[in-house]
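Architecture and fold: a report
The primary structure of each chain is shown beneath.
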Amino acid sequence: MDNTDSNHIELSQGQMSLWTGQKLNPDVPLHNTAYSFEIDGEIDPEVFKEAFRQVVSKIDALRTVFFEKEGIPYQTVLSKISNGLEFIDLAMESDAGVKAYLQERSLKEIDISKCIFDSILVKSPVRKYIWLLNIHHLVIDVVSLKTIFESTSKCYTGIIENNLEEIEPTPLFTEYVHFEKVFQKNPKNENIKNYWAERIKTIKKQPELYGVYNKFDKTKSTRVFLELGFERSQRLREIAQNPAIRSWTPHLTLFNIFSSLLFVYLYRVSGQRTLSIGAPNHNRATKQFQKTVGCFIQIFPLVSEILESDTFNSVLQRVKLETNNYLKYAKPGMATSEINRSFSTILNYIHTGFPDFCGFPTKTEWIPSEHIDVTHQMRCHIVDFDATGEIEVLFDYNRAIFDEDLISRAPHHFLNLVDAFLGNIYQPIDRPELLSDSEKLNTNSEGKTDLDAFISLIDQFNKIQNSNPNDIALRHKKEIYTYADINERANQLASFLVTKGIGKGTSVALYLERSPEYIIGVLAILKSGGTFIPIPSDQPSQRVAFILEDSGCALLLTDTQLKNNIKSVDIETIDLNLLSESIKNQSGIDTKIVIGPSDIAYVIYTSGSTGNPKGVLISQCAIFNYLNWAKKAYTTGDKFIFPLFTSIGFDLTITSTFLPLLTGGEVIIYKESGQGPDISLMEVLADNKVNSIKLTPSHLALLQGTDLSHSKINTMIVGGEDFKANLAANTQKTFGKGLKIYNEYGPTEATVGCIVAQFDSNKHKDVSVPIGTPIDNMHAYILDSYKNLVPKGVIGELYLGGTGLAEGYANLPSLTEDKFIKNPFLKGTKVYRTGDLARENSYGELEYLGRADDQVKLRGFRIEPSDIEANMLGHEEITNAAVVLIENEKSVSENEVINCTECGLPSNYPNTDFDENGVCHLCNAFKGYKDEAQRYFKTTDELRDILISKRGKNPNYDCLSLLSGGKDSTYILAQLIGMGLKVLAFTLDNGYISDQAKGNIDKIVQKLGVDHIYGTTEYMNKIFVDSLNRHQNVCNGCFKTIYTLSTQIALDKQIPFVVTGLSRGQFFETRLTEELFWDKNVDVSTIDKTILEARKLYHQEEDAVKNLLDVSMFNTDETFEKVQFIDFYRYSDVKLEEMLTYLKEKVDWVRPTDTGRSTNCLINQVGIYVHKKQKGYSNYSFPYSWDVRMGHKTRKETLEEINEVIDEKEVKRIINEIGYQEIGEDESNQKRLVAYYTGKKRLASKELSEYLKKELPEYMVPTFFKFIDEMPLTKNGKIDKSALRALNSSQLDMDTPFVAPNGEIEELLAAIWKEVLRLKQVGVHDDFIALGGHSLAAIRVTARINEEIEMNFPLNKIFDLPTIAEYAKYIEDTLVELLKE
Amino acid sequence: MIAKIANYIKQEIANEPLDNLGEQEDLLGSGIIDSMGMIRLISYLEQEFQVTIPAEDMVVENFMTLAHILEFLSKKKGEQ
């Protein structure tokens, strides 16, 4: 024993975590461990009392109490306690009454400071006795419980039989506490700590069971008993005998089996593959401890990575190895809190039994406390307390995740896996069904329409036109067409088509712009009984030719202009312009052809994966089903007025075309705008004539910021791609409450739309608006890879069935067979495999979660990257190609931004982390070196000494003071004069200093009697433009100009010092990085040297200043000696208030009011505007956050300034004036297609893009082409598209090919670069400067490298060797040299 | 060697007091050692005989009896 006070015994590691859990949840019986032993025999309560009293007197654990001193918990063992066994006679109660009593009594709070147990003997109705023993977990585990049970039984028997032997006291638990402490401190055991640290490293997040997001803040739980029964238990034991499966003991084998089943279960209900399970270990390391009563158990994780190829057996084999290591490293005191946080599911395999009491058969039950640790999502206990051979599984479900409904279903999912395992351990873990039959019954759509009411599209149109012939059907610019008009023209064209042989079973392509002719053409084809094939006018001629040929259409309708784009194809082409006269001469009477439900109405070509588009065949019945439903669902009572402004090749346009025409409404046609981006949407909104619109989320994004409160649109159908909820909410706000927004989901193969949700801003608060529930006669199934239905909440692939399914693909029977498979749930029907991932949310709505394959959506267009890749591979110089969609880096939308609660830094500042108190990582980091950093600062006396140190060398001036006219620089000037120094003031006139500021400057210098000069350069505007392009602000360029010009003047006039007005916040922003203070003993002069190095590098950075101004003096180090820069505020820590008072008294300084801002510069706001627009946050956010940290500004002031309203009109004027080319909303916001390729050599992007334009529509031509040496591959040998997606735009712009880091040093450098430069991915040939590496980043990178490999590399190396490859080689060479020495 | 191991088992691991421990006695099957005890024995063997026993080798076939253990250890030693 050590000399710890025996009254103040510390807690063991395991006790400590239990104590903390209880402390955090003081009012719940979290750790009550209550067992009821039902003893089938006549018990003498008085003897029982005596027996228990003796047990308590011998077992120290039962006399242990806990107390707290200065926040630290201790335990102490009392020599005596008065509490004993209580006897209660409930013989007159009902069975249920007794049960309820036991349950209630088990939840009684145990006061750990007084008595650690509650022990009651209950006489129950059927001559049985029940002993309820409830002990706080702090002093026992199940082994201890057995010791207590057996001791009591032995003692009781001894008294009854009159041969009681003195029971021996059990060994003391305090000895274990001591043993554990010694063990923890033993340096030999570091390897154990390392093992666990390494083991849990891969566990990054806990699985979301059934898709439920857990906040980990609730303890309430419910226990469910799952009896496996004799037969299953027996078969499990048989399997456990299998030599290939068995482990050390049958129990351990069963433990391995249940662990494996639990891993499979967790994977199947969460989709997560990296999983951990916490398993309690009895942790009784010596024989002595095996007899000790106390809380020994510790929980350690089993970790498994589920593989695609896994079978039950393969998981089990891995678990077997995992368990061996688990047992090897499960050592006393090693279950730290980090380890405890690495799992959220518990597997507790209990093989302790309580067979009899004093020879009487006993039935043991563990009564749940109805609470579990907040960190535990579920616990699974495997027990056989009565040693009957029947295994029972007890689930404790945390109610934060499991509601009543789920609790009723979840145990069956586990049981189904147990049965599958028993059936065949070699089957894939994905194969068995989780759902039981009763659960499967609840998964179908409800709405049905009577399909006997089928009317073909054209019959519906005919009916409407008969009843309302004079209503307006179409408008196009100033032209107006009534129903009678278009009907007559469609009849004429139909008659003409019939003469050409068109009828049922034939098809006609329409290659036209959006126009009345297009609509009349569509109607005419339908009237003739044929199928229409819309081909949008922007398709490249090769694509048009392919469609014409592939579809086998009999005729092509086009116009004179578009006809020229068509390559010679062997299809009769009708030029509607040329033949208009002869068509007019045809009969205007309806053809009266009868059309059936299975006739094909239209064929739409979508992106295919082979390099060619594929035609989707839609039947009359399918389109009838959609439109019939849409009429009911979208009606507002008014007639529909839709704009036709989206591509005719896009099936969402079917709604805009037919929904109005089949209901007596109007279509307003907006023709394509020719070259350049289609601005039709803007025209639609400006005209404000429509009340309904169908568009894509990308369209909606374009409208952000437009005032649409007067829009007439009351029905908006959004489709084509994922619809973000904040976009929906903003749209609702913009248009007002009267607008109904629908999110319509549906691949072309399931006809326009088949799942729909009406947006509800109160309900839909997740990232995306759900896609909703299936429309009439449609079914949606979410299936796993074995086509089993997944449980509610679990992600799976969406399959669609019902009337709206397409008939398949034109001329692609095997693809059709692949995608349209037998419906496993409805005999004789098909389901379409969408490739979309989905799940059902708690409202029963479906949520879209992306693609199972890599199909992408761009502005609503569906694109198969493999289509583009196949076309790229057609180029003879290209050997491999991969196309990815890269989304904009601006990830946080403005209304989601939060600001650090201390400094105000916005959360959209790149890579910011906020802790639970909303404090940013910079504030937290700064707290660590704030005191260290104080050493950098000095006093004004020291400043004066420095500035006069070179007196005599210059007869005229001691220093040159930079004067912007603002408060800070004015204060400096006045102070310097006050010190009796001779000062020359210098101001850069950048052309945008406000008049008032200039007035200030003139007044100040006059009042102070200082010499003053203005500097200028003719290149100022170019410098501004360059700065905006490089840094998205104007200040960087302006600052560098000031430094350059003032250095020149100082050199000319032999002035030894330039005094700057940088604020302390700016020091930290630009140079005083955390890394400089890592070495606590570092000399300030070393920091000064580093900063001077950085300054030299700063002047070497390529930019407009370097290229346009004379910077030759910076090439020699002498310059930096001749002219030294002194930051005034390094020596002065004046408060704002004090400064303003001083300024008012001494120089009569007033804040300029003509800039509209707290600055004296008019162009400043251009920088803020551009920065905000492109990066989402103000360029002042970062420096101001430092001002707050330094105590020079309040958070409130900062927030007001960074959120100030910008005068956009003025900004645009200045942008024009300086000649800056603004990057459009589109370019900065949108997703872009990027193509990577390998081959003999790099090709010009222009050439590639021209090449692809011949084959692909414009929207499918990638924006970027990047040559790479080698495609990055995943573990499975597939192209690693996520690595390709992680490159940022400056990396894409680089000429160098992407090569992933290789080897320890390259990987180390890459990690440092990524962190400092905030990159997701970095190639070893990427250039440091091109990636945005400036001098500050150089300081940080170099300091980190030096820290990691304990070297002292100079700062400029990073510029000499600006790539990871070069730098890594340099490091390696240096290290090799060192080794040689 | 065998006496040393037998002694360790008797003193440190065996669940019940043991007089004799035969070379062919089934250590696990007879309940002399449980799984935790087996892992402790393995750690002991690693330390005492300077071998590394990876999880893959921790199978019943190598540790069933003292004779098995001996055979396994000499094989292991041979490999090193």
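Residues numbered from 1 in each chain as written. Chains lettered and ligands numbered in written order. Predicted model: local features only at pLDDT ≥ 70, side-chain atom pairs only at ≥ 80, totals over all residues.

A separate point is the overall build of chain B. Tallying secondary structure elements over chain B gives four helices and zero strands in all. Taking the principal axes of the C-alpha coordinates as reference, chain B spans close to 35 × 20 × 20 Å. Counting the 80 residues in chain B, one finds 20% classified as buried. Taking the intrachain contacts of chain B between residues at least 6 apart in sequence as the baseline, contacts between residues at least 24 apart amount to 56%. (Helix = DSSP H or I, 4+ residues; strand = E, 2+ residues; numbered from the N terminus. Buried ≥ 20, exposed ≤ 12 C-beta atoms within 10 Å, placed from the backbone. Contact = placed C-beta atoms within 7 Å.)

Scanning chain A from N- to C-terminus turns up 49 helices and 45 strands. Its C-alpha atoms give chain A principal-axis dimensions of roughly 120 × 110 × 65 Å. For chain A, buried positions account for 44% of its 1381 residues. When contacts within chain A are restricted to residue pairs at least 6 apart in sequence, long-range pairs at least 24 apart make up 72% of them.

Residues and elements named next belong to chain A. Reading across the sheet, the five strands line up as 41-40-39-42-43 and stay open at both edges, with parallel pairing between neighbours. Among the strands making up the open sheet, the edge pair consists of strand 41 (1011–1015) and strand 43 (1124–1127). Averaged over all pairs of adjacent strands, the angle between their axes in this sheet comes to 30°, without regard to strand direction. Sheet analysis places strand 39 (residues 959–962) next to strand 42 (residues 1057–1060), joined by three bridges and oriented parallel. Counted as the bridge partner of C959 is F1057 from strand 42. Against the sheet, helix 29 (residues 967–978) contacts strand 39, strand 40 (983–988) and strand 42, and its axis sits at roughly 155° relative to strand 39. Here helix 32 (residues 1035–1052) sits on the sheet and contacts strand 39, strand 40, strand 41 and strand 42; the angle it forms with strand 40, its principal contact strand, is near 145°. (Pairing = 2+ DSSP bridges. Axes fitted to C-alpha atoms, helices over the stretch in contact; angles between N-to-C directions.)

Residue and element names in this part refer to chain A. Membership of the largest hydrophobic core comes to 245 residues, with the highest contact counts inside it found for V508, A509, L510, L523, I533 and L800. Taken domain by domain, the makeup of this core includes at least three residues from each of domain 1 (13–177) and domain 2 (451–862). Ignoring any residue separated from it by four or fewer positions in sequence, one finds L800 in contact with A750, C754, M778, H779, A780, L805, V831, Y832 and T834. With 67 residues, the next largest nonpolar core counts L962, L1162, Y1169 and Y1184 among its residues. (Core = buried A, V, L, I, M, F, W, Y, C linked by C-beta atoms within 7 Å. Domains from an automatic or database assignment.)

This paragraph deals with the pairing of strand 12 (residues 360–367) of chain A. All names here are of chain A. Bridge count between strand 1 (residues 32–39) and strand 12: six bridges; the pairing is antiparallel. For I39, the partnering residue across the bridge sits in strand 12 and is T362. Relative to strand 12, strand 11 (residues 356–357) is paired through two bridges, and the arrangement is antiparallel. Residue D356 lies in a different strand from strand 12, and its bridge partner there is P361. Taking the residues between adjacent antiparallel strands as the criterion, strand 11 and strand 12 are bridged by two residues, where C358 takes a positive phi near 55°.

Residue and element names in this part refer to chain A. Most of strand 31 (residues 796–802) is tucked away, with seven of its seven residues classed as buried. Examined bridge by bridge, strand 31 and strand 34 (residues 830–840) share five bridges and lie antiparallel to one another. Across the sheet, residue G801 finds its bridge partner in strand 34, namely V831.

The next point concerns the interface of chain A and chain B. The interface is formed by 10 residues belonging to chain A together with 11 residues belonging to chain B. Partitioned by chemical class, the residues of the side of chain A that touches chain B number four nonpolar, four polar and two charged. (Nonpolar A, V, L, I, M, F, W, Y, C, P; charged D, E, K, R; others polar.)

What links the strands of a sheet is backbone hydrogen bonding, and the strands pair in either a parallel or an antiparallel sense. Residues and elements named next belong to chain A. Strand order in this open sheet of five strands is 25-26-27-28-29, and the pairing throughout is mixed. Bordering the open sheet on either side are strand 25 (692–695) and strand 29 (773–774), each of which pairs with just one other strand. Relative to strand 26 (residues 715–719), strand 25 runs parallel, the two being bridged by four bridges. Residue pairing in the sheet places S692 in a bridge with T715 of strand 26.

Residue and element names in this part refer to chain A. Despite not being glycine, F216 shows a phi value in the positive range, around 55°. The residue F216 is located in the loop between helix 6 (190–199) and strand 7 (221–227) in this model. With 15 C-beta atoms counted inside 10 Å, the residue F216 sits in the partly exposed group. A positive phi angle is found at A387, which is not glycine, with a value near 55°. On the secondary structure map, A387 appears in the loop between strand 13 (378–383) and strand 14 (392–398).

Before going further, it helps to examine the packing of helix 31 (residues 1020–1031) of chain A against helix 32 of chain A. Residue and element names in this part refer to chain A. Running from N to C, helix 31 and helix 32 cross one another at 130°; their axes reach a closest spacing of 7 Å. Between helix 31 and helix 32, the angle is such that the two are oblique. Taken together, the residues of helix 32 that come into contact with helix 31 (itself represented by I1023, F1024, D1026, S1027 and H1031) are N1036, G1037 and T1041. In terms of residue class, the contact of helix 31 with helix 32 is built from two nonpolar, five polar and one charged. (Parallel < 35°, antiparallel > 145°, perpendicular 65-115°, else oblique.)

All names here are of chain B. Averaged over every residue, the pLDDT of chain B is 88; residues scoring 70 or more account for 99%. Averaged pLDDT values over the elements of chain B bottom out at 88 in helix 1 (residues 2–13) and peak at 92 in helix 3 (residues 60–63). Reported confidence for the predicted complex is 0.93 by ipTM and 0.70 by pTM. (pLDDT = per-residue confidence, 0-100.)

Mapped onto the present numbering, the UniProt feature "domain: Carrier" (unreviewed entry) falls at residues 1–77 of chain B. Regarding residues 1–77 of chain B, the helix share stands at 56% and the strand share at 0%, and the terminal C-alpha atoms are separated by 13 Å. (UniProt positions renumbered as here; feature names shortened; annotations may be inferred.)

Residue and element names in this part refer to chain A. Structurally, the position occupied by V1166 is in helix 38 (residues 1164–1175). Separated by 215 residues in sequence, V1166 and E1381 place their C-alpha atoms 57 Å apart. Setting aside anything within four residues of it in sequence, one finds V1166 in contact with V1034, V1211, I1214 and I1215.

A few words now on helix 8 (residues 250–270) of chain A. All names here are of chain A. Here helix 8 spans 30 Å end to end across 21 residues, near enough to the 30 Å set by a 1.5 Å rise per residue. Of all the 21 residues making up helix 8, 19 are buried; the element is thus mostly covered by neighbouring parts of the structure. In the segment just after helix 8, G271 is the residue with positive phi, at about 80°. (Expected span 1.5 Å × (residues − 1).)

Looking now at the environment of L579 of chain A. Its location among the elements puts L579 of chain A in the loop between strand 20 (572–575) and helix 19 (580–584). Judged by C-beta crowding, with 13 C-beta atoms within 10 Å, L579 of chain A ranks as partly exposed.

Residue and element names in this part refer to chain A. Every buried residue of helix 24 (residues 725–735) is listed here: L727, A728, T731 and F735. Each buried residue of helix 24 lies within a common arc of 100° when the element is viewed along its axis, so the set occupies one face. Buried residues along helix 24 sit in contact with helix 23 (697–702) and strand 27 (740–745). At the exit of helix 24 stands G736, carrying a positive phi of roughly 100°. (Arc of directions from axis to C-beta.)

Our focus in this paragraph is the environment of I1049 of chain A. Residue and element names in this part refer to chain A. Checked against the element boundaries, I1049 lands in helix 32. Taking C-alpha positions, I1049 is 89 Å from R105, a pair spaced 944 residues apart along the chain. Setting aside residues no more than four positions away along its own chain, I1049 makes contact with L960, F986 and G1015.

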